[in-house]
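Here is how the chains run, residue by residue.
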Amino acid sequence: MNNRIQLDKSKVQGRYFYRFVKRTFDILASAVALIVLSPLFLFLAIKIKHEDHGPAFYSQERIGKNGKPFKMYKFRSMIVNADQLVEQLEEQNEVNGAMFKIKDDPRITKVGKWIRKYSLDELPQLWNVLIGDMSLVGPRPPLPIEVEEYTDYDKQRLLVTPGCTGLWQVTKRNDADFDEMVWLDIIYINHSGLWEDFKILVKTIGVVVNPNSAY
């Protein structure tokens, strides 16, 4: 995209007060949410397991801040061997760049289609937030295979802790191609602050209630 932004790494990784307050809020909010939403967790786990008797949860290696790998958790929304079918479906990929997305992905289960529409499959990432792998707001954590294709410009989105939601998710979401996603993430990092994070969290609630091109 045009108007590429080059971030000041030292400035991004400074801002100690903002990062302290953000982390404190992440810990408190994720802990409370995990307790309050525990009945919903149980309900979703039963529904997922009942459909095909596979595991309710799914973990996948993702790349976090400064390129550090971690295990990201989700409710399973695809068939058990979904990862093994990626190469077979590569020609159907609908996103240019270092991402893989198919609107009518044949690997998605019936329950999975519903929980993905309302982003309920992302709820277990509250645990990732609690232990510090993720934040409530930030760029989405990419797969290792995606990062292998990153340019130095793209890698700027790895300067901060990845998030459960972000500017990309509350604006373009799946309508964005890879370059647009990176551009929006870098805009967020360049202008991030407590007020910006609060606005994104509020908009996220609206997106969950009225999904914007989720799949």
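In what follows, the accompanying structure is described.

Parameters at a glance
Residues numbered from 1 in each chain as written. Predicted model: local features only at pLDDT ≥ 70, side-chain atom pairs only at ≥ 80, totals over all residues. Heavy atoms only, no water. Pairing = 2+ DSSP bridges. Helix = DSSP H or I, 4+ residues; strand = E, 2+ residues; numbered from the N terminus. Buried < 20%, exposed > 50% of the residue type's maximum accessible area, 1.4 Å probe, protein only. Axes fitted to C-alpha atoms, helices over the stretch in contact; angles between N-to-C directions. Parallel < 35°, antiparallel > 145°, perpendicular 65-115°, else oblique. Contact = heavy atoms within 4.5 Å. Nonpolar A, V, L, I, M, F, W, Y, C, P; charged D, E, K, R; others polar. Polar contact = N/O pair within 3.5 Å; in protein donor to acceptor, adjacent residues only side chain to side chain. Expected span 1.5 Å × (residues − 1). Phe/Tyr/Trp six-rings, centres within 6.5 Å; stacked < 30°, edge-to-face > 60°. Lys NZ or Arg CZ within 6 Å of the ring centre and 35° of its normal.

### Regarding the pairing of strand β1 (residues 57-63)
Bridge count for β1 against strand β2 (residues 69-75) is seven bridges, and the pairing is antiparallel. Following the sheet pairing, arginine 62 is matched in β2 by phenylalanine 70. Connecting β1 to the next strand, β2, in antiparallel fashion are five residues, including asparagine 66 with a positive phi near 60°.

### Considerations on the environment of aspartate 179
By the secondary structure assignment, aspartate 179 is in helix α8 (residues 178-191). Classification of aspartate 179 by relative accessible area gives partly exposed; the value is 35%. Separated by 25 residues in the primary sequence, aspartate 179 and aspartate 154 place their C-alpha atoms 8.4 Å from one another.

### Re the packing of helix α2 (residues 16-36) against helix α3 (residues 38-52)
The description of two packed helices rests on the angle between their axes and on the distance between the axes. Between α2 and α3, the shortest axis-to-axis distance is 4 Å and the interhelical angle comes to 55°. In terms of orientation, α2 and α3 fall into the oblique class. Judged by residue contacts, Leu34, Ile35 and Val36 of α2 engage Ser38, Pro39 and Phe41 from α3. Grouping the amino acids of the contact of α2 with α3 by side-chain chemistry returns five nonpolar, one polar and no charged.

### Observations regarding the environment of arginine 140
Along the polypeptide, arginine 140 turns up in the loop between β3 (135-137) and α7 (144-147). For the pair arginine 140 and isoleucine 63, spaced 77 residues apart in sequence, the C-alpha to C-alpha distance is 9.4 Å. Apart from the residues within four sequence positions on either side, arginine 140 is in contact with Met72, Glu122, Gln125, Met134, Arg157, Pro162, Gly163, Cys164, Trp168 and Gln169. A distance of 3.1 Å separates a polar side-chain atom of arginine 140 from the backbone oxygen of glycine 163.

### Section: α8
When the terminal C-alpha atoms of α8 are compared, their 20 Å separation across 14 residues agrees well with the 20 Å that a helix rising 1.5 Å per residue should span. Those residues of α8 that sit buried are Phe178, Glu180, Met181, Val182, Leu184, Asp185, Ile186, Ile187, Tyr188 and Ile189. The residue sitting at the N-terminus of α8 and contributing the capping side-chain oxygen is aspartate 177; that oxygen lies 3.3 Å from the backbone nitrogen of aspartate 179.

### Observations concerning the side chain of asparagine 128
With respect to the helices, strands and loops of the structure, asparagine 128 is situated in helix α6 (residues 125-131). According to the relative accessible area criterion, asparagine 128 is buried, its value standing at 0%. Contact partners of asparagine 128, with chain neighbours within four places excluded, come to Phe70, Lys71, Met72, Tyr73, Asp133 and Met134.

### Side note on the packing of aromatic side chains
Under the defined criterion, the tally for this structure stands at five aromatic pairs. Consider the rings of tryptophan 195 and phenylalanine 198, whose centres lie 5.5 Å apart with planes at 25°: the pair is stacked. Placement of both tryptophan 195 and phenylalanine 198 in helix α9 (residues 194-209) is noted, with a separation of three residues, approximately one turn of the helix. Taken together, Phe41, Phe57 and Phe75 form an aromatic cluster joined through their ring pairs. Over the aromatic face of tyrosine 153 sits the side chain of arginine 4, whose NZ or CZ is 4.2 Å from the ring centroid.

### A few points about the packing of α3 against helix α5 (residues 110-117)
Put simply, α3 and α5 touch, their axes get as near as 9 Å, and they point 150° apart. On the basis of the axis angle, α3 is roughly antiparallel to α5. Seen from α3, the contacting residues are Leu44, Lys47, Ile48 and Glu51; seen from α5, they are Lys110, Val111, Trp114 and Ile115. Its residues assigned to classes, the contact of α3 with α5 comprises five nonpolar, no polar and three charged.

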